[in-house]
Amino acid sequence: MALRITVDIFSGRPNPSVIVTGAEEEDLLDRLSPPRRGREAGEGRSTRAPRIPEATLGYRGLIIERVETAAGRKRKRGADLPDRVRVAAGYVVGERSRATRDPGVEEWVLSPRGPIRLAGLGEEFSGRAIVEVDRFRHVIDKWHWGRVKWPLRKICACAPLWEPGWWNDAGQVQWNNNCYNYGTNYRSDTYAQPGLAAGAMYNAITCAEVKAGAIADALIDTPKANNKCPKEGHLVALVVGPGWDFHWYRKGRNGYWTHKPGGTQATDRDNSGNLIPDPRTADRGGYTDFCTFMVVMHGHVKIK
Amino acid sequence: MTAGVLLYSGRRDPEWTVPAEVGAGLNAALQGLPELADASPAASRLGYRGAWVRTEDGSRVVAFNGLVRTPDGRFRTDPGRAWERAILETAPAGVLPMGADALFAM
């Protein structure tokens, strides 16, 4: 008989593996055997193995397998071990979980003079692997076994897709659709103006005038939205530089805001190059006045 | 030839017609600008974002902050923003809300 030891440590590379025989195999089986009563059992050390998370990155234990050799024979020592067993944190885990006689058996295997030397990976690997053994013990201690609520819902499930390539074609779409088109997710190719389609275009660049135009286009004023997505439709925000220009942002599915400054490209950045979690606090250049949040109900809005 | 600026976001940007002889001069000056092997367009932002001229096929050449982007996606350098300034200077009085220096400072 012989034992194959595989260090379950890598994710992409093949895990290192060595085969031990003879005295080293005997030594390993002795270290893996159950602790005798008393001192070997260790004070405060449970005889039952803790639950071991297997799907983690980094060291996840040693896999010990019996392999037949030409001169193979059954040995008494280690007879209680299954043909394939995982050893982690000083325990044999799995079907017949229990503590190992040597709680440091993994460190012994991975030490520069231990069986792992046969893999020829050098002392650097040994050093890193032993650090990983200790790290994995902390992982086991802190592992959250409770049910984790999976975030199935996107923050703003009804919001338009962030697909800048569609708007930023450097041609017909990009040049002829402005922030209002982008905000409402409505390509008109007319550089749309709030209220124009309803015959109620703004008369001055003020929050009140531009908002009234947008309401005439069927946007819904929601001043108390407070950056929260509506249950239906998507959220937009109106800002103005009084007497200068107006501008619109729209909230995306990930909760961040994007916008399209005029005929230039749609972007997810503000004037300081930062992502935009809230247009009220974004760097808006000369668009100093935050007017309101509004909701665009898909299919309801008509702009021109 | 038509020229314009990228300035507003919601309102329509100012555009104007450039007399043919002035346009020919802009074209000649453009051809004299050094080509760049590699460059990235300026990030989209609020405020002044450049001046442009529309070529015969309807596509635009945009100048901003020392770079000129031609419709084929290539770039030329515009030392001292001279070509960008030359476009702005073709605007009739009253079309632009401020002069070139004020726009460049935005």
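About the criteria used
Residues numbered from 1 in each chain as written. Chains lettered and ligands numbered in written order. Predicted model: local features only at pLDDT ≥ 70, side-chain atom pairs only at ≥ 80, totals over all residues. Heavy atoms only, no water. Contact = heavy atoms within 4.5 Å. Buried area = accessible area lost by both parts, 1.4 Å probe. Salt bridge = Lys/Arg side-chain N within 4 Å of Asp/Glu carboxyl O. Polar contact = N/O pair within 3.5 Å; in protein donor to acceptor, adjacent residues only side chain to side chain. Helix = DSSP H or I, 4+ residues; strand = E, 2+ residues; numbered from the N terminus. Nonpolar A, V, L, I, M, F, W, Y, C, P; charged D, E, K, R; others polar. Buried < 20%, exposed > 50% of the residue type's maximum accessible area, 1.4 Å probe, protein only. Pairing = 2+ DSSP bridges. Axes fitted to C-alpha atoms, helices over the stretch in contact; angles between N-to-C directions. Arc of directions from axis to C-beta. Phe/Tyr/Trp six-rings, centres within 6.5 Å; stacked < 30°, edge-to-face > 60°. Core = buried A, V, L, I, M, F, W, Y, C linked by side-chain atoms within 4.5 Å. Disulfide = S-S within 2.5 Å.

Bringing the interface of chain A and chain B into the picture now. Across the contact, 26 residues belong to chain A and 19 residues belong to chain B. When the two sides are added together, the surface that chain A and chain B hide from each other amounts to roughly 1800 Å², 55% of it contributed by carbon and sulfur. Where chain A packs against chain B, one counts 0 salt bridges. Across the contact surface, chain A and chain B share 16 residue pairs in polar contact (both at pLDDT 80 or more). It is strand β9 (residues 245-251) of chain A that contributes the most residues to the side of chain A that touches chain B, 4 residues altogether. Class assignment for the residues of the side of chain A that touches chain B results in 11 nonpolar, 12 polar and 3 charged.

Right, let's get into the pattern of salt bridges. Residues and elements named next belong to chain A. Under the definition given, this model contains 19 salt bridges over all chains. In this structure, the salt-bridge partner of E24 is R117, at a minimum N-O distance of 2.8 Å. One end of the pair, E24, is in helix α1 (residues 22-32); the other, R117, is in the loop between α2 (105-110) and α3 (122-142), with 93 residues separating them in the sequence. Measuring nitrogen to oxygen at the nearest pair gives 2.8 Å for the salt bridge that ties R280 to D278. Overlapping salt bridges bring together R4, E65 and R84 as one network.

The subject of this paragraph is the pairing of strand β2 (residues 17-20) of chain A. Side-chain direction in a regular strand flips from residue to residue, so the side chains alternate between the two faces of the sheet. Residue and element names in this part refer to chain A. Judged by which residues are buried, β2 turns out to be one-sided: V18 and V20 face inward and are buried, whereas S17 and I19, on the alternate face, are not. Where strand β1 (residues 2-7) and β2 come together, 4 bridges link them in antiparallel fashion. Each residue of the ladder has a partner; that of T6, found in β2, is S17.

The next subject is the environment of B:A37. All names here are of chain B. The residue A37 is located in the loop between β3 (35-36) and β4 (50-54) in this model. In this structure A37 comes out as exposed when scored by relative accessible area, which is 86%. A sequence separation of 37 residues divides A37 from R74, and the C-alpha atoms of the two residues are 8.0 Å apart.

Residues and elements named next belong to chain A. Spatially, β2-β1-β3-β4-β5-β6 is the arrangement adopted by the 6 strands of the open sheet, whose pairing is antiparallel. At either margin of the open sheet sits one strand with a lone partner, and together these are β2 and β6 (98-99). On the sheet, α1 packs against β1, β2, β3 (62-67), β4 (84-88), β5 (91-93) and β6 and is oriented at approximately 65° with respect to β1.

Glancing now at helix α7 (residues 207-216) of chain A. Residues and elements named next belong to chain A. Residues of α7 that are buried: V210, G213 and A214. Buried residues in α7, looked at end-on, bunch into an arc of 100°, giving them a common side. On its buried face, α7 is in contact with α6 (179-184), β8 (234-241), β9 and β11 (289-296). A218 lies just past α7 and shows a positive phi near 85°.

For the coordinates displayed, the defined rule picks out 12 aromatic pairs over all chains. Note on A:W244 and B:Y8: the rings are 5.0 Å apart at their centroids and 65° apart in plane angle, and the pair reads as edge-to-face. Remark: B:Y8 occurs in the loop between β1 (2-6) and β2 (15-17) and A:W244 occurs in the loop between β8 and β9; the pair is interchain, linking two chains. Like B:Y8, A:W244 is buried. Ring plane angle 35° and centroid distance 5.9 Å describe the contact between A:W257 and A:F293, whose orientation is recorded as tilted.

Another aspect to go through is the environment of A:P164. Residue and element names in this part refer to chain A. Note that P164 resides in helix α4 (residues 164-167). Looking at P164, the relative accessible area reads 22%, which means it is partly exposed. As for P164 and A266, which are separated by 102 residues in sequence, their C-alpha atoms are 5.8 Å apart.

Glancing now at the nonpolar core. In terms of nonpolar packing, the biggest core is built from 37 residues, with B:V5, B:W16, B:Y48, B:W83, B:I87 and B:L88 touching the most fellow members. Of all hydrophobic cores here, the second largest spans 34 residues; its members include A:A49, A:V93, A:L110 and A:I140.

What follows is about unusual backbone geometry. All names here are of chain A. The backbone phi angle of N185 is positive, close to 60°, even though this residue is not glycine. Looking at where N185 falls in the secondary structure, it is placed in the loop between α6 and α7. Positive phi values are uncommon outside glycine, yet Y191 reaches one of about 55°.

Linking two cysteines covalently via their sulfur atoms produces the bond known as a disulfide. Residues and elements named next belong to chain A. Evaluation of the coordinates by the stated rule reveals 2 disulfides over all chains. Here C156 is linked by a disulfide to C229, with a sulfur-sulfur distance of 1.6 Å. Taken together, the residues span a long stretch of sequence, with C156 in the loop between α3 and α4 and C229 in the loop between β7 (220-221) and β8 at a distance of 73 residues. Here C207 engages in a disulfide with C291; their sulfurs sit 2.0 Å apart. Negative torsions about the S-S bond denote left-handed disulfides, and the value of about -75° found for C207 with C291 makes this one left-handed. Linking C207 in helix α7 with C291 in strand β11, this pair joins segments that are 84 residues apart in sequence. Cysteines bonded in chain A are numbered consecutively along the chain; their disulfide partners then correspond to 1-3, 2-4.

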